[in-house]
Amino acid sequence: MKEKQKGILSIVLAAVIIAVTGFVAFFGIGSDKLGSMADVKLGLDLAGGVSITYEAVKENPTAQEMEDTFYKMQLRAHDFNSEAAVYREGDTRINVDIPDVTDANQVLETLGDAGMIYFIYGQSAEGKANIEYNSEEGGYKLARPLEEIIADGDVVIDGSCILGAEPYIGQNGLGANSYEVILTLNEAGKTKFADATAYAYSYYNTSTVSIRNIIAIVYDGRVYSAPRVSAHIPDGNAVINGQADYNESKQLASIIRIGALPLELKEIRSTVVGAKLGTEAINTSLLAGVIGFILIILFMVIVYRIPGVAASLALCLYVTVMIICLNLFNVTLTLYGIAGIILSIGMAVDANVVIFTRIREEIGTGKTVRSSVKLGFEKALSAIIDGNVTTLIAAAVLYFLGSGTIKGFAQTLAIGIILSMGTALFVTKFILRAFYHAGFDSEKFYGIKKETKSVNFTKHGLKYGILFGVIAVVCIAAMIAGRASSGNILNYGLDFMGGTSTEIAFEGTAPSNKELEQLVSETLGVQGEVVQIQGEEAVIIKTEVLATDAKMKLETALSEKYGVTSQDITSTSISGTVSGEMKSDAVVAVIVATLCMMVYIWVRFKNLGFAASSVVALLHDVVFTLMIYAVARITVGNAFIACMLTLVGYSINATIVVFDRIRENMKDKLKKDTVEDVVNASISQTVSRSINTSLTTFVMVLVLSIFGVSSIREFSIPLMAGIISGTYSSVCLAGTVWYLINKKKKQEA
């Protein structure tokens, strides 16, 4: 009786924890809704906004030049939105992400301008005020347009006269620290500054402040400092004091250097996402997630009974904790990030399926339910850890070699993998034991897996090889045909070809391709390729790289003719340099991930044969997926890397379960059993797991492809093909190849 009460209390405790985390995940804590979905930081592809990557035109800019330019971009980006993110990429590039902007074209036009700093008179000789005190912000601002001030000749010096500016801590007359900026001018600046300071100093008065006594420092139309002139400065070396602390001196020095900076930036990649399209992407992806989640819960409960109920409750906790973790680690959620979460839900079932299959096997050998549950978790542990570590390797490679939204996918996939292991090994175990103690202790609640009839998979090795060869031939033939028809072996998208892609969503029926191609030709004088997005009243127009003014012309033409707004338009521009890098990154990523996994399997299984056969299975899956891309002419873009690495991780995960069983059965091998018998028995014992796991993951990806936006479909369709291929290779190829390698070794010995 005590055990039953303990079991019921444990179930209630689990339900309360799920309810509490669910409340936090969906409603949050406090008025700021901390920890909730609403508090998750959204990427530009969901929130809408502008993302731009700049590269220094100068071949080898100094670290100081890049640091100053980085700070300049921060200042400018935050003028558009305080939530803007600016970060470095390598030694010569700067990325700027600005969410929720109303005029994307203005951002593109002004953000990368070189800019100029001006030192101006506080008041012109004719008595016109150039600056005035801003009582609201507690500083000075321009009293009239900068263009007017320049035209009137009220500029003392500009950036071309400045040699340097450095922060400095000096001492004032009372012995206290004085935070200053040491300004150094060239010969031209020295002469101009000497005349200006002589004039301004003539109005110096210790008791009153006159704007005639001020030389203001203006950058990007903003007054950053308005120091009084307390001496005539003839030598071109000035001290600007009055800063509150060293950090303020450092910032002012940086601003002065920025304005004088000769470093020119060029735009090499940009994306503009309309807020309306971002909202649509969120809604469709979340709908796909909810439908897929419900289908998986139904599957688990119907197939695995009480263990399925326990796993479903653990999955509910997994989803709520995942949302809280996105807040906790300040992860920026992107469209591919949502796809990563949905995919990881499907993969989270994998660990549970391995455990529940083991439990049924133990019950089938005549053991009690209690001991079967205990042994099921113990025997499944190594396969779960190894399988998930290899998928984590894929996520890590994806994070370090991917860019932008793909990094978001890698982050959420990695968090999902870690959480799925935790929920399967601890939460599911806790809830399942609670159900057992609460009275669900009969075999009928768990199911019995009778001894599996061994199927001879290894005898078909030649057939598997022929099929692999056919797939490779079809893949190569499709690539050759693609090269002949379009000039490229694959249907390379913008990420790999360079150019500008403009996606437009229409309220009514989308215009014909011919009509839009004519509009592009007449408006811009360039050829445009128009692609209709299936299932949506939307199109994608692909052109050569368009400058900002050309993008504005196209947007105006679309608005005038079809009534679309900037909220309905998403545009992406990528230079040829970046597209070339993405091609090489895709190849490097797959090779690096494969080598890392091969080494891991070699170390864990202490057998090079396992590592080699896993690579053969991987090669099969990669070639098969490439064949799908080549035959169906699916666009090969940024998501291609994510698709391939996810596939590599998934394929290895499935293969490891088979290898783990072979390793286990080899230890318990009877004298009468041959290695071939062990391999065939091991594959036969794990077939149901392979099919059930693949089915749940396939369902999640299928729902994504049905309800997701076009870019997600390009990711999910080949991934579905890869899941099918991965299931086949793990069941038919991996074990058979290991057996053949092992057999050859023995023959040579």
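What comes next is a walk through the structure. Everything quoted here is computed from the prediction, not taken from an experiment.

Structural notes on the overall build of the protein
Alright, step 1. In terms of helices and strands, the protein carries 20 helices and 17 strands.
Alright, step 2. Classification of the 749 residues of the protein by burial places 53% in the buried group.
Alright, step 3. Across the protein, contacts joining residues at least 24 apart in sequence account for 76% of those joining residues at least 6 apart.
Alright, step 4. Carbon and sulfur atoms form 59% of the exposed surface of the protein, whose accessible area is close to 33100 Å².
Alright, step 5. Computed over 61 positive and 71 negative side-chain charges, the separation of the two mean positions in the protein equals 17 Å.

Describing the sheet that holds strand E4 (residues 117-121)
Alright, step 1. The four strands lie next to each other as E7-E4-E10-E11, forming an open sheet whose pairing is antiparallel. Edge strands, defined here as strands with exactly one partner in the open sheet, are strand E7 (155-158) and strand E11 (222-225). Averaged over neighbouring strand pairs, the angle between their axes works out to 35 degrees when direction is ignored.
Alright, step 2. Of the pairings in the sheet, the one linking E4 to strand E10 (residues 215-219) comprises five bridges and is antiparallel in character. Counted as the bridge partner of Tyr 121 is Ile 215 from E10.
Alright, step 3. Those strands touched by helix H6 (residues 187-201) are E4, E7 and E10, and its axis lies near 150 degrees from that of E7.

Overview of a nonpolar patch on the surface
Alright, step 1. A cluster of nonpolar side chains, namely Leu 462, Ile 466, Leu 467, Val 470, Val 474 and Val 631, defines an oily patch on the protein surface of about 540 Å² accessible area.
Alright, step 2. The dominant element in the nonpolar patch, judged by the number of residues it contributes, is helix H12 (residues 461-486), at five residues.

Some words on the environment of Val 389
Alright, step 1. By secondary structure assignment, the location of Val 389 is in helix H10 (residues 369-401).
Alright, step 2. Each C-alpha atom of the pair Val 389 and Ile 652 lies 10.0 Å from the other, and the pair is 263 residues apart in sequence.

So, unusual backbone geometry
Alright, step 1. Residue Arg 305 is not a glycine yet carries a positive backbone phi of 60 degrees.
Alright, step 2. Examined against the element boundaries, Arg 305 turns out to sit in helix H8 (residues 275-328).
Alright, step 3. If you check the backbone angles, Asn 330 has positive phi at about 55 degrees while not being a glycine.
Alright, step 4. Relative to the helices and strands, Asn 330 resides in the loop between H8 and helix H9 (335-364).
Alright, step 5. Residue class for Asn 330 comes out exposed when judged on its relative accessible area of 52%.

Here we look at H10
Alright, step 1. The terminal C-alpha atoms of H10 lie 47 Å apart, and with 33 residues this matches the ideal 48 Å at 1.5 Å per residue to within 8%.
Alright, step 2. Residue Leu 381 marks the point of greatest curvature in H10, where the axis turns by about 40 degrees.

Focus: the nonpolar core
Alright, step 1. Counting 136 residues, the largest nonpolar core has Met 300, Ile 355, Leu 432, Leu 645 and Phe 715 as its most contacted members.
Alright, step 2. Sorting elements by how many residues they give to this core places H9 first, with 18 residues.
Alright, step 3. Not counting residues up to four positions away in its chain, the partners in contact with Met 300 are Arg 305, Gly 308, Ala 311, Ser 312, Val 349, Asn 352, Val 353 and Phe 356.
Alright, step 4. Within the second largest apolar cluster, 28 residues are counted, among which are Tyr 71, Cys 161, Leu 185 and Ile 215.

What to know about the pattern of salt bridges
Alright, step 1. Per the stated rule, a full pass over the model turns up 18 salt bridges.
Alright, step 2. Glu 55 is the partner of Lys 266 in a salt bridge, and the nearest nitrogen-oxygen pair spans 3.8 Å. Here Glu 55 lies in strand E1 (residues 49-56) and Lys 266 lies in strand E13 (residues 265-273), a separation of 211 residues in the sequence.
Alright, step 3. Using a relative accessible area of 38% as the deciding quantity, one classes Lys 266 as partly exposed.

A look at the packing of aromatic side chains
Alright, step 1. Under the definition given, this model contains 17 aromatic pairs.
Alright, step 2. When the centroid spacing of 5.7 Å and the interplanar angle of 85 degrees are considered together, the rings of Phe 435 and Phe 440 count as edge-to-face.
Alright, step 3. Phe 435 sits in the buried class, given a relative accessible area of 9%.
Alright, step 4. A relative accessible area of 28% means that Phe 440 is categorised as partly exposed.

A closer look at the pairing of strand E6 (residues 139-142)
Alright, step 1. Pairing of strand E5 (residues 131-134) with E6, which is carried by four bridges, proceeds in the antiparallel orientation. From the neighbouring strand, Glu 132 faces E6, where its bridge partner is Lys 141.

A few points about the environment of Thr 320
Alright, step 1. Turning to its location among the elements, Thr 320 is positioned in helix H8.
Alright, step 2. Looking at Thr 320, the relative accessible area reads 4%, which means it is buried.
Alright, step 3. Distance in space between the C-alpha atoms of Thr 320 and Leu 335 is 19 Å, their sequence separation being 15 residues.
Alright, step 4. With residues up to four places along the chain from it excluded, the contact list for Thr 320 reads Thr 21, Gly 22, Ala 25 and Phe 26.
Alright, step 5. Within the structure, the side chain of Thr 320 is placed 2.8 Å from the backbone oxygen of Leu 317, a separation counted as a polar contact.

Describing the sheet that holds strand E12 (residues 237-243)
Alright, step 1. Pairing is antiparallel across the open sheet formed by three strands, whose spatial order is E8-E9-E12. Both outer strands of the open sheet, strand E8 (162-171) and E12, are each paired with one neighbouring strand and no more. Neighbour-to-neighbour, the strand axes of this sheet turn through a mean angle of 25 degrees, independent of strand direction.

Some details on the state of the cysteines
Alright, step 1. If you walk through the whole model with that rule in mind, you get zero disulfides.
Alright, step 2. With no disulfide partner, Cys 316 has as its closest neighbouring cysteine sulfur the one in Cys 325, 16 Å distant.
Alright, step 3. Relative accessible area serves as the criterion here: at 24%, Cys 316 is assigned to the partly exposed category.

Focus: the side chain of His 620
Alright, step 1. Secondary-structure assignment places His 620 in helix H17 (residues 608-632).
Alright, step 2. Assessed through its relative accessible area of 2%, His 620 is described here as buried.
Alright, step 3. Discounting residues that sit within four places of it in the chain, His 620 has contacts with Phe 468, Ile 471, Ser 725, Tyr 728, Ser 729 and Leu 733.

Topic: helix H19 (residues 675-707)
Structurally, the α-helix is built with 3.6 residues per turn, so residues lying three or four positions apart point the same way.
Alright, step 1. Its 33 residues give H19 an end-to-end C-alpha distance of 47 Å, which sits within 8% of 48 Å, the value for a rise of 1.5 Å per residue.
Alright, step 2. Within H19, the axis deviates most sharply at Thr 686, by approximately 40 degrees.

Comments concerning the packing of H9 against H19
Alright, step 1. Close contact between H9 and H19 brings their axes to 9 Å; oriented N to C, the two are set at 160 degrees. In terms of orientation, H9 and H19 fall into the roughly antiparallel class. For H9 against H19, the interelement crossing comes out right-handed. Facing Ala 339, Ile 342, Leu 343, Ile 345, Gly 346, Met 347, Val 349, Asp 350, Val 353, Val 354, Thr 357 and Glu 361 of H9, the residues of H19 in contact are Gln 685, Ser 688, Arg 689, Asn 692, Thr 693, Thr 696, Thr 697, Met 700, Val 701 and Leu 704.
Alright, step 2. When its residues are assigned to classes, the contact of H9 with H19 shows 11 nonpolar, eight polar and three charged.

Description of the environment of Ile 393
Alright, step 1. By the element assignment, Ile 393 lies in helix H10.
Alright, step 2. The spacing of Ile 393 and Ser 285 is 108 residues in sequence and 26 Å in space, taken between C-alpha atoms.
Alright, step 3. Beyond its immediate sequence surroundings of up to four residues, Ile 393 is in contact with Ala 593, Cys 596, Met 597 and Tyr 600.

Structural notes on the packing of H9 against H10
Alright, step 1. Put simply, H9 and H10 touch, their axes get as near as 7 Å, and they point 145 degrees apart. Taken as a pair, H9 and H10 cross one another with a handedness that is right-handed. Mapping the contact onto sequence places Met 347, Ala 351, Val 354, Ile 355, Arg 358, Ile 359, Glu 362 and Ile 363 in H9 and Val 369, Ser 372, Val 373, Leu 375, Gly 376, Phe 377, Lys 379, Ala 380, Ile 384 and Thr 391 in H10.
Alright, step 2. Partitioned by chemical class, the residues of the contact of H9 with H10 number 12 nonpolar, three polar and three charged.

Scoring rules and cut-offs
Residues numbered from 1 in each chain as written. Predicted model: local features only at pLDDT ≥ 70, side-chain atom pairs only at ≥ 80, totals over all residues. Heavy atoms only, no water. Helix = DSSP H or I, 4+ residues; strand = E, 2+ residues; numbered from the N terminus. Buried < 20%, exposed > 50% of the residue type's maximum accessible area, 1.4 Å probe, protein only. Contact = heavy atoms within 4.5 Å. Areas by Shrake-Rupley, 256 points an atom, 1.4 Å probe, with all protein chains shown as cover. Lys, Arg positive; Asp, Glu negative; His and termini not counted. Charge placed at Lys NZ, Arg CZ, Asp CG, Glu CD. Pairing = 2+ DSSP bridges. Axes fitted to C-alpha atoms, helices over the stretch in contact; angles between N-to-C directions. Patch = residues over 30% accessible without salt bridge, like charges linked within 9 Å, V, L, I, M, F, W, Y side chains within 5 Å. Salt bridge = Lys/Arg side-chain N within 4 Å of Asp/Glu carboxyl O. Expected span 1.5 Å × (residues − 1). Bend = angle between axes of the 7 residues up to and from the residue. Core = buried A, V, L, I, M, F, W, Y, C linked by side-chain atoms within 4.5 Å. Phe/Tyr/Trp six-rings, centres within 6.5 Å; stacked < 30°, edge-to-face > 60°. Polar contact = N/O pair within 3.5 Å; in protein donor to acceptor, adjacent residues only side chain to side chain. Disulfide = S-S within 2.5 Å. Parallel < 35°, antiparallel > 145°, perpendicular 65-115°, else oblique. Left-handed = near helix turned anticlockwise from the far one by under 90°. Nonpolar A, V, L, I, M, F, W, Y, C, P; charged D, E, K, R; others polar.

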